[in-house]
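Each chain, written out:
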Amino acid sequence: MYKADYHMHTALSIDCNASIESQIESAIKKGFSEIAITDHFEYDFIQDKWALTLDLPSYIDTIRTYQEKYKERICIKRGVEVGFETRYKQEIETLLKDKNFDFIICSTHKCDMQELALGGFFIDKEQKEAYTTYFDHVLDTLRNFDNFDVYGHLDYVNRYGKYTVKVLTPMDYREQIDEILQILISKGKGLEVNTSGIRYGLGHFNPQIPVLRRYLELGGEIITIGSDSHCNEHVGFLWEEAARMLKNIGFKYYATFEKRKPILKLL
C-alpha cells in the first residue's frame, strides 16, 4: 500500500524538538512513500506576548530544500497546521495568501483564548459544557475560514481536561457534529484521521468511528491519515490500523494533496 503520513511536526514547531531530517529519515525507514510536513502556524503566548509561531516564507523555503535533497527517496509535501482563531482572522488570511502550500490542516487548539493543552479552559466547567463550547468554537471557525483542506483531530477536546472519565460520546453532540460535517462537505473540505488519540490513552483515533461513519453517510469522501508525530518514534503511528479501520467503515480511498488539490489513493 502507498503510505502517506499527513500530519507531522518538526523542530520548527514550538512543541517539537525533532529535526526535519530526522523525521524524514524515520518516515523512510518505516516504509512511507509520502509525508506532509505540517508545523504549527498560529498566534501563541511567546515571551510574554502573543506572537506568530512560524515565519511562513522561511518555512516554505526550508521544506523546499529538503524536497530537493530527498526527491529520489520520498515525496515531501509542503503543509502547515493552522490553529485558527476568529480574532486573528484578518492576520491569518493575509499571511496565508498566495503561499505555495500543497496542504493545510485547520485545527482548534484554543477556546476562549485559552490553550486546551494547558487545562485552564476546563476549570469550573462541567464536561458537557466544555465539550459543547469546544464544538461551538469549531463551528465558528468553519463559518469564518475557508483557506484549509482538512479539519484536524475534530473531537480531540477529550484529550485534555482533568475529568475522571475522558469520554466523549458523539451522539451527545450529534447536532453540532452534523453541522460541522455538513459545512465541511459543502465547502469541499476533508476530515483528518489523527492516530495520536491512542498515544494519549483515549482508546480511539480522532475523530471516533461514529463521526467518520456519519461523515461518509452525509457524502464525505476526503480523508487524510496523520500521526501528529512530534518525535521520530511516533512517525507513522498506527497508520496501517487507521487505513484498515477506514476500509471497514466503507471508505474506498484516502487522500493525499498536491497544490491544494486532493489525490485519492486506494485503501
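Residues numbered from 1 in each chain as written. Predicted model: local features only at pLDDT ≥ 70, side-chain atom pairs only at ≥ 80, totals over all residues. Heavy atoms only, no water.

With respect to the overall build of the chain
Thinking step 1. Counting its regular elements, the chain contains 8 helices and 13 strands.
Thinking step 2. Here the chain has a C-alpha radius of gyration of 17 Å; the compact-globule value for 267 residues is 18 Å, and the two agree.
Thinking step 3. Across its three principal axes, the chain shows a C-alpha extent of roughly 50 × 45 × 35 Å.
Thinking step 4. Each of the 267 residues in the chain was classed as buried or not, and the buried ones make up 55%.
Thinking step 5. Put simply, 73% of the contacts in the chain that link residues at least 6 apart link residues at least 24 apart.
Thinking step 6. Here the chain carries 34 positive and 41 negative side-chain charges, and the mean point of each set is 5 Å from the other. (Helix = DSSP H or I, 4+ residues; strand = E, 2+ residues; numbered from the N terminus. Rg over C-alpha atoms; globule rule 2.2 N^0.38 Å. Buried < 20%, exposed > 50% of the residue type's maximum accessible area, 1.4 Å probe, protein only. Contact = heavy atoms within 4.5 Å. Lys, Arg positive; Asp, Glu negative; His and termini not counted. Charge placed at Lys NZ, Arg CZ, Asp CG, Glu CD.)

Digging into the sheet that holds strand S9 (residues 150–151)
What links the strands of a sheet is backbone hydrogen bonding, and the strands pair in either a parallel or an antiparallel sense.
Thinking step 1. If you trace the 7 strands from one edge of the open sheet to the other, you get S1-S2-S5-S6-S9-S10-S11, paired in parallel fashion. The open sheet has two free edges, formed respectively by strand S1 (4–8) and strand S11 (223–226), since each of these has just one partner strand. (Pairing = 2+ DSSP bridges.)

Considerations on the pattern of salt bridges
Thinking step 1. If you walk through the whole model with that rule in mind, you get 19 salt bridges.
Thinking step 2. As a salt-bridge pair, lysine 187 and aspartate 146 come within 2.5 Å of each other at their nearest N and O atoms. Of this pair, lysine 187 sits in the loop between helix H5 (174–186) and strand S10 (190–194) while aspartate 146 sits in the loop between helix H4 (127–144) and S9, and the two are 41 residues apart along the sequence.
Thinking step 3. Given a relative accessible area of 45%, aspartate 146 falls into the partly exposed group.
Thinking step 4. Within the structure, one salt-bridge network assembled from shared partners comprises Glu42, Glu85, Arg87, Lys110 and Glu115. (Salt bridge = Lys/Arg side-chain N within 4 Å of Asp/Glu carboxyl O.)

Observations concerning the side chain of asparagine 194
Thinking step 1. Position of asparagine 194 among the secondary structure elements: in strand S10.
Thinking step 2. Classification of asparagine 194 by relative accessible area gives buried; the value is 0%.
Thinking step 3. Among the polar contacts listed, one links the side chain of asparagine 194 to the side chain of glutamate 192, at a separation of 3.2 Å.
Thinking step 4. Each residue touching asparagine 194, except ones within four places of it in the same chain, is listed here: His7, His153, Arg159, Phe205, Asn206, Gly226, Ser227 and Asp228. (Polar contact = N/O pair within 3.5 Å; in protein donor to acceptor, adjacent residues only side chain to side chain.)

Digging into the side chain of serine 13
Thinking step 1. As for its placement among the helices and strands, serine 13 is situated in the loop between S1 and helix H1 (20–29).
Thinking step 2. Not counting residues up to four positions away in its chain, the partners in contact with serine 13 are Asp39 and His40.

A short note on the environment of glycine 236
Thinking step 1. Inspection of the secondary structure assignment puts glycine 236 in the loop between S11 and helix H8 (239–249).
Thinking step 2. Sequence-distant contacts of glycine 236, defined by excluding residues within four places in its chain, comprise Asp5, Phe32 and Ser227.

Let's talk about the packing of aromatic side chains
Thinking step 1. Throughout the structure, instances matching the rule amount to 19 aromatic pairs.
Thinking step 2. Where tyrosine 134 meets phenylalanine 135, the ring centres are 5.3 Å apart and the plane angle is 65 degrees; that geometry is what we call edge-to-face. Residue tyrosine 134 shares its accessibility class with phenylalanine 135, and that shared class is buried.
Thinking step 3. Arranged with centres 6.3 Å apart and planes meeting at 70 degrees, the rings of tyrosine 160 and tyrosine 200 form a pair that is edge-to-face. Pair noted here: tyrosine 160 is in the loop between S9 and H5 and tyrosine 200 is in the loop between helix H6 (196–199) and helix H7 (209–217), with a separation of 40 residues, a long-range link.
Thinking step 4. With relative accessibility at 42%, the residue tyrosine 200 sits in the partly exposed group.
Thinking step 5. Its guanidinium or amino end placed over the ring of tyrosine 173, lysine 128 lies 5.6 Å from that ring's centre, counting from NZ or CZ.
Thinking step 6. A cation over an aromatic ring shows up here: lysine 189 above the ring of phenylalanine 148, its NZ or CZ 5.2 Å from the ring centre. (Phe/Tyr/Trp six-rings, centres within 6.5 Å; stacked < 30°, edge-to-face > 60°. Lys NZ or Arg CZ within 6 Å of the ring centre and 35° of its normal.)

Topic: the packing of H5 against H7
Thinking step 1. Packing of H5 against H7 leaves a shortest axis separation of 10 Å and a crossing angle of 45 degrees. The angle between the axes of H5 and H7 places the two elements in the oblique class. Crossing handedness for the pair H5 and H7: right-handed. Every residue of H7 that contacts H5 at Arg174, Ile177, Asp178, Leu181 and Ile185 is listed here: Val211, Arg214 and Tyr215.
Thinking step 2. A per-class count over the contact of H5 with H7 returns 5 nonpolar, no polar and 3 charged. (Axes fitted to C-alpha atoms, helices over the stretch in contact; angles between N-to-C directions. Parallel < 35°, antiparallel > 145°, perpendicular 65-115°, else oblique. Left-handed = near helix turned anticlockwise from the far one by under 90°. Nonpolar A, V, L, I, M, F, W, Y, C, P; charged D, E, K, R; others polar.)

Looking at the packing of H1 against helix H2 (residues 56–69)
Thinking step 1. Where H1 meets H2, the axes come as close as 11 Å, and the angle between the chain directions of the two elements is 40 degrees. Classed by the angle they form, the pair H1 and H2 counts as oblique. Crossing of H1 against H2: the hand is right-handed. Packed against H1, whose contacting residues are Ile20, Glu21 and Ile24, the element H2 presents Thr62, Tyr66 and Lys69 at the interface.
Thinking step 2. Across the contact of H1 with H2, the residue classes tally to 3 nonpolar, 1 polar and 2 charged.

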